[in-house]
Amino acid sequence: MATLYRAASPDSLIVAPVDLLTAIYHRASGQTHLMASPAPEILEALAETPLDAATLLGKLRAAYDLGDADPAALIARLDELVETGLVERR
Amino acid sequence: MRHVFSVAIGPVGFRVGSDWRGPVAALEQLYASYPKPQDGIADFTVRLFADRPWRRFFRPKVMIGGDFVLPEAAPLSLEHGLLAAEMAMNLQMALGQRRYLLLHASAVERDGKALVMTGLSGAGKSTLAALLMTRGWRLMGDEFALLDPETGLIHAFPRLISLKNEAIAVMEMGAPGGTFGPLLADTPKGAIRHLVPDHRSVAAMLEPARPTLILFPTFGHDAATRKVAPSEVFVRLTQASTNYVALAERGFTALMRLVAETPARAIDYPDTESAIAQVEALWASL
Amino acid sequence: MGVALDGHLLARALADPASVATLDSAGWQALLTIARAELLSASLAHRLDGIAKPEAAQRFLDDAKASCAQGRLVALWEVEMARRALGDLGVPVVLLKGSAFIAAGLAAGQGRFVGDLDILVPRADLDRVEAALLGAGWEWVKPDPYDDAYYRRWMHELPPLIHRERDRMIDVHHTILPLTARPTPDADALIANSVPLENGLHMLDSDDMICHAAAHLFADGDLSGGMRNLWDIHCLVDDFGIAGLAERARRHGLASAVRRALRLSRALYGTQLPDGWARSGSDDGLYLRRLTARDGWGRQTRPVTRLGFYVRSHWLRMPPLMLARHLWTKWRKQAG
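Here goes a summary of the coordinates provided. (Residues numbered from 1 in each chain as written. Chains lettered and ligands numbered in written order. Predicted model: local features only at pLDDT ≥ 70, side-chain atom pairs only at ≥ 80, totals over all residues. Heavy atoms only, no water.)

## Describing the environment of A:Glu41
Residue and element names in this part refer to chain A.
In step 1: In this structure, Glu 41 sits in helix H1 (residues 39-45).
In step 2: Note on Glu 41: relative accessible area 19%, which makes it buried.
In step 3: Separated by 20 residues in sequence, Glu 41 and Leu 21 place their C-alpha atoms 12 Å apart.
In step 4: Apart from residues no more than four positions distant in its own chain, Glu 41 is found in contact with Leu 60 and Tyr 64. (Helix = DSSP H or I, 4+ residues; strand = E, 2+ residues; numbered from the N terminus. Buried < 20%, exposed > 50% of the residue type's maximum accessible area, 1.4 Å probe, protein only. Contact = heavy atoms within 4.5 Å.)

Written out as structure tokens, the structure reads:
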């Protein structure tokens, strides 16, 4: 059973784009994160239901113009997001 | 506590208790034109004390205490007692202020609009603010600008202006009629002398102002100006705020609003006259 | 004016909020400063909600509430992150002290400033819990091997861990008093009687929470922070009552500590107790003196009383010979 990833619910976040970056305030933790793509897009894609990495990659490919989507890079981004607490592994 | 002093600086009330008369006498003289805390109740308490009874008299060392303290703070000599008091009050603000978002910045006001100057120590924000005060601007503060999360306005915190080293001579010339404190030589930060904000700045200290320009000045280069992107402003201001995290969501939304609504510029300047000219030019262009 | 400007001023305001009506500005200043020093400013703010007071006092108390609310948020997040790290181990994880009060929404959690996260786990599971925390970003605070060996052998908790990103500490206990201390609580019973929370973690049941607070107050320190500790106990008794408490305290060897704690809580805060619980102990006056040793400037006062309690508290944690050896080794290392 592949690892599922779940993002913090949208109403626990204040998402504010600021020129090239996105500032995110996480209400549950009181932390502020300044993120570059694809992190905000990953959070949005995981907002509704938990997904495994392969499904997430497919969803991102469909929604955005990803050139050469690397599954390993996606796992690395997900690991970073798990460390911040914005994403949880199930 | 043997000697007691209290004062309101902007919207914040302080009381200072001291084992020695000296620091309290200096505070009374320099803050003579300031009001007392509202209702006679201070927001923050500061204590200047001797850690051993004999230290009150024999090679006295002033320990800093109060509501909020840093555990390993080094004591100061009694001749620097005024500095100890100012540092202690700053510390209460830095560690305990919860109502306003603290920006580590100087601020001056004209026509109800605030110019906020921020940057590393030594960039000259205190000196620039003091000089602008002598050129018709109202001084709001030289160390902290208070951002009200409810209104987005800047509130004044006009403590004694802290001039260091070369800036002392600059302001002694620039403000010949000014009220200065004693020259404190050989402090951990070099020579320090305090300048009392002028009457107008003290009288208007409860009037907020709309932030209109955020400036990042850097001293020691040929005159230059550049725009600063909102993301950079946001990061630099959070780094410069001691209570951003403590204010949680209110801090985030207040800072996002400030960054979104206020133009920001970085200026390099070779000397203070140049800086003032650059400021006036920028102000006129906005 | 009646009440001394020491901890009693704070106790009276908490026990009887309407009593602040007689305070002048000096009295208010002292009350607020003492409350802040005793970490009870937000509790006081809640107790004084709706009571007429000077504007400056209301501002002070509003700021205390705001401060407390942010601290609460951060503390609950630590609980959540601990849950994520430990939830799949199949180990009962029992929240202790302030974190438990706020996670469960207890009266004792209202206005409570919470510091580090304290949890209790079975001793047999310590290694797995330690490994899981280290794997999730926590790391050791102190690298000193002597302190580490002492901790693991004798203390009631792992050496302190701090999270490398969030900079917050977690204390993992396997019982609630050091193994070298005189009373030896029944750790298995603490866990067996624990109450599940919505998030899958646990808290102690109410009798054990009161026993823990009493143990912590007397045996785990020199009574500094005692006013706050007793306020916790007062709120817990108010919420849950004390049916079954006597029996439980006896089982943990904490009967005398719990009785004294309840007497002191009644003396300070007017805690309602049935007859038989409130007969005074001969030392109570001395304890009250130590507990309220705070002046209107926020300073700790009564140094002789304080020293007596400090020596006593270390004596309780360690048998005298061990204490001597521990202090000698520490001194040798510092000197050499």
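Now that the structure has been shown, the text picks up again.
## Comments concerning the environment of C:Pro185
All names here are of chain C.
In step 1: Tracing the chain through its elements places Pro 185 in the loop between strand S5 (169-173) and helix H8 (187-192).
In step 2: Classification of Pro 185 by relative accessible area gives buried; the value is 12%.
In step 3: Taking the C-alpha atoms as reference, Pro 185 lies 13 Å from His 173; in sequence the two are 12 residues apart.
In step 4: Here Pro 185 is in contact with Thr 175, Ile 176, Leu 177, His 252 and Leu 254, once residues within four sequence places are set aside.

## Some points on a nonpolar patch on the surface
In step 1: A cluster of nonpolar side chains, namely B:Trp54, B:Phe57 and B:Phe58, defines an oily patch on the protein surface of about 410 Å² accessible area.
In step 2: Mapped onto the elements of the fold, B:Phe58 is located in the loop between strand S3 (44-49) and strand S4 (61-66). (Patch = residues over 30% accessible without salt bridge, like charges linked within 9 Å, V, L, I, M, F, W, Y side chains within 5 Å. Areas by Shrake-Rupley, 256 points an atom, 1.4 Å probe, with all protein chains shown as cover. Salt bridge = Lys/Arg side-chain N within 4 Å of Asp/Glu carboxyl O.)

## So, the pattern of salt bridges
In step 1: Summed over the entire model, instances satisfying the criterion amount to 36 salt bridges over all chains.
In step 2: Taking the shortest distance from any N to any O, the salt bridge between B:Arg110 and B:Glu280 comes out at 2.9 Å. Remark: B:Glu280 occurs in helix H8 (residues 272-285) and B:Arg110 occurs in strand S6 (residues 101-110); sequence separation between them is 170 residues.
In step 3: Judged by its relative accessible area of 22%, B:Arg110 falls in the partly exposed class.
In step 4: A salt bridge links B:Glu232 to B:Arg226, with the nearest nitrogen and oxygen atoms 3.5 Å apart.
In step 5: In this structure B:Glu232 comes out as partly exposed when scored by relative accessible area, which is 27%.
In step 6: Given a relative accessible area of 42%, B:Arg226 falls into the partly exposed group.
In step 7: Counted as one network, the salt bridges with shared partners bring together A:Arg6, A:Glu88, C:Glu80, C:Arg83 and C:Arg84.

## Describing the sheet that holds strand S5 (residues 76-77) of chain B
Residue and element names in this part refer to chain B.
In step 1: The 5 strands lie next to each other as S1-S2-S3-S4-S5, forming an open sheet whose pairing is mixed. What marks the edges here is a single partner per strand, and that holds for strand S1 (3-9) and S5.
In step 2: Bridge analysis of strand S2 (residues 12-18) against S3 gives 5 bridges, and the strand direction is parallel. Looking at the pairing, Ser 18 lines up with Leu 48 of S3.
In step 3: Taken strand by strand, helix H2 (residues 81-96) contacts S1, S2, S3, S4 and S5, and its axis lies near 145 degrees from that of S3. (Pairing = 2+ DSSP bridges. Axes fitted to C-alpha atoms, helices over the stretch in contact; angles between N-to-C directions.)

## Structural notes on the packing of aromatic side chains
Residues and elements named next belong to chain B.
In step 1: Taken as a whole and judged by the stated rule, the model has 13 aromatic pairs over all chains.
In step 2: Here Tyr 31 and Tyr 34 contribute two aromatic rings whose centre-to-centre distance is 4.8 Å and whose plane-to-plane angle is 85 degrees, an arrangement assigned as edge-to-face.
In step 3: Tyr 31 gets classed as buried once you look at its relative accessible area, which sits at 3%.
In step 4: Judged by its relative accessible area of 5%, Tyr 34 falls in the buried class.
In step 5: Geometrically, the ring pair formed by Trp 137 and Trp 283 is edge-to-face, given 4.9 Å between the ring centres and 70 degrees between the ring planes. (Phe/Tyr/Trp six-rings, centres within 6.5 Å; stacked < 30°, edge-to-face > 60°.)

## A few points about the side chain of B:Ser274
Residue and element names in this part refer to chain B.
In step 1: With respect to the helices and strands, Ser 274 occurs in helix H8.
In step 2: By relative accessible area, which is 17% here, Ser 274 ends up buried.
In step 3: Beyond its immediate stretch of four places on either side in the chain, Ser 274 contacts Ala 223 and Tyr 269.

## Concerning the interface of chain B and chain C
In step 1: Facing the 23 residues of chain B at the interface are 19 residues of chain C.
In step 2: Considering only the side of chain B, the residues that lose the most area to chain C are B:Arg15, B:Ile41 and B:Arg99, jointly responsible for 31% of the buried surface there.
In step 3: Counting the contacts that link chain B with chain C gives 3 salt bridges.
In step 4: The partner of C:Arg59 in a salt bridge is B:Asp43, and the shortest N-O contact between them spans 3.7 Å.
In step 5: Put simply, chain B and chain C have 13 residue pairs in polar contact (both at pLDDT 80 or more) between them.
In step 6: Of all elements in the fold, only S2 and S3 of chain B reach the threshold of two or more residues within the side of chain B that touches chain C.
In step 7: Considering every element that reaches the side of chain B that touches chain C, the biggest residue donor is S3(B), with 4 residues.
In step 8: When the residues that make up the side of chain B that touches chain C are grouped by side-chain class, the tally is 12 nonpolar, 4 polar and 7 charged. (Buried area = accessible area lost by both parts, 1.4 Å probe. Polar contact = N/O pair within 3.5 Å; in protein donor to acceptor, adjacent residues only side chain to side chain. Nonpolar A, V, L, I, M, F, W, Y, C, P; charged D, E, K, R; others polar.)

## Some thoughts on the pairing of S1(B)
Residue and element names in this part refer to chain B.
In step 1: Buried residues dominate S1, accounting for 5 of its 7 residues.
In step 2: Of the strand pairs in this sheet, S1 and S2 are connected by 7 bridges, and their pairing is antiparallel. By the bridge assignment, Ala 8 is partnered in S2 with Gly 13.
In step 3: Hairpin connection of S1 to S2: 2 residues between the antiparallel strands, including Gly 10 at a positive phi of 60 degrees.

## Things to note about the interface of chain B and chain A
In step 1: Opposite the 11 residues of chain B that make contact, chain A presents 11 residues.
In step 2: Summed over both sides, the interface between chain B and chain A buries roughly 930 Å², with carbon and sulfur atoms accounting for 73% of that surface.
In step 3: In terms of surface lost to chain A, no three residues of chain B exceed B:Ser231, B:Glu249 and B:Phe252, which account for 52% of the buried area on that side.
In step 4: Ionic pairing is found between B:Glu249 and A:Arg27, a salt bridge with its closest N-O pair at 2.8 Å.
In step 5: Where chain B meets chain A, there are 4 residue pairs in polar contact (both at pLDDT 80 or more).
In step 6: Broken down by element, the residue count for the side of chain B that touches chain A peaks at 5 residues, all from helix H7 (residues 248-261) of chain B.
In step 7: Along the lines of polarity and charge, the residues of the side of chain B that touches chain A split into 8 nonpolar, 2 polar and 1 charged.

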